[in-house]
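Here's the letter readout for the chains.
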Amino acid sequence: ITTMGNSFVPSTLNCNVGDTIYFELGSSHNAIEVSEANYNANSSNPITNGFAFDYGESGYIVVNEAKTHYYVCTPHLPEMKARIIVE
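Keep in mind it's a predicted model, so treat the numbers as computed, not measured. (Residues numbered from 1 in each chain as written. Predicted model: local features only at pLDDT ≥ 70, side-chain atom pairs only at ≥ 80, totals over all residues. Heavy atoms only, no water.)

Remarks on the layout of surface pockets
Cut-off, in case you're wondering: Think of a 1 Å grid over just the protein atoms. A cavity is a set of points where a 1.4 Å probe fits yet cannot get out, a pocket is an open set with protein on both sides within 12 Å along at least five of seven lines, and lining residues have an atom within 4 Å of a point. Grid points are joined across faces, edges and corners, and a volume is the space filled by probe spheres set on the points. Each residue gets one of three labels, nonpolar for Ala, Val, Leu, Ile, Met, Phe, Trp, Tyr, Cys and Pro, charged for Asp, Glu, Lys and Arg, and polar for the others, Gly among them.
The space that makes up the largest pocket amounts to roughly 170 Å³. Around the largest pocket, the lining comprises 13 residues; the ones closest to its centre are Glu33, Asn49, Val62, Lys67 and His69. Among the residues forming the lining of the largest pocket, the class breakdown is five nonpolar, five polar and three charged.

Focus on the nonpolar core
Formally: By convention a nonpolar core is built from buried Ala, Val, Leu, Ile, Met, Phe, Trp, Tyr and Cys residues, the set being connected through side-chain atoms within 4.5 Å. When accessible area is computed with a 1.4 Å probe and restricted to protein chains, residues below 20% of their type maximum are described as buried, those above 50% as exposed, and intermediate ones as partly exposed. A run of H or I in DSSP becomes a helix once it reaches four residues, and a run of E becomes a strand once it reaches two; helices and strands are each numbered from the N terminus.
Residues Phe8, Ile21, Phe23, Ile61, Tyr71 and Ile84 are the most contacted members of the largest nonpolar core, which totals 17 residues. Broken down by element, this core gets its largest block of residues, three residues, from strand β9 (residues 81-86). The next biggest cluster of nonpolar side chains, apart from the first, holds six residues, and it includes Val34, Tyr70, Val72 and Leu77.

Quick word on the packing of aromatic side chains
Filter applied, for reference: Here is the rule: rings of Phe, Tyr and Trp (six-membered ring for Trp) pair when centre to centre is within 6.5 Å. Planes less than 30 degrees apart are stacked, more than 60 are edge-to-face, and the remainder are tilted. Only Lys NZ and Arg CZ are tested; either one counts as a charge over a ring when it is within 6 Å of the ring centre and within 35 degrees of the ring normal.
Taken as a whole, this structure holds seven aromatic pairs when the rule is applied. Considering the side-chain rings of Phe51 and Phe53, the 6.0 Å spacing of their centres and the 45° angle between planes classify their relative orientation as tilted. Each member of the pair, Phe51 together with Phe53, is buried. Its end group placed over the ring of Tyr39, Lys81 keeps NZ or CZ at 4.6 Å from the ring centre.

The following block contains the structure:
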């Protein structure tokens with residue numbers, strides 16, 4: 001997952017349990033995992049034990065259960081948010 005302008009690319013990523021997801025963020029972007037309610041409310045309040053990548057950071061997560069992960073870029077809400085759908 002990368003950043004282009006004020007967007008995550010891709011904005012929706014479909015993957016399978018056990019996949020590794022790599023983030024490579026631009027210097028003015030972070031990625032904070034939020035609840036579905038906060039995603040819909042354009043809030044960057046993080047969920048407990050969710051992933052978080054700081055501005056310009058690169059890193060990865062391994063998705064271990066079938067669910068949807070919602071995440072946002074704090075300074076670029078409401079437009080910069082995305083989902084990882086794990087099946």
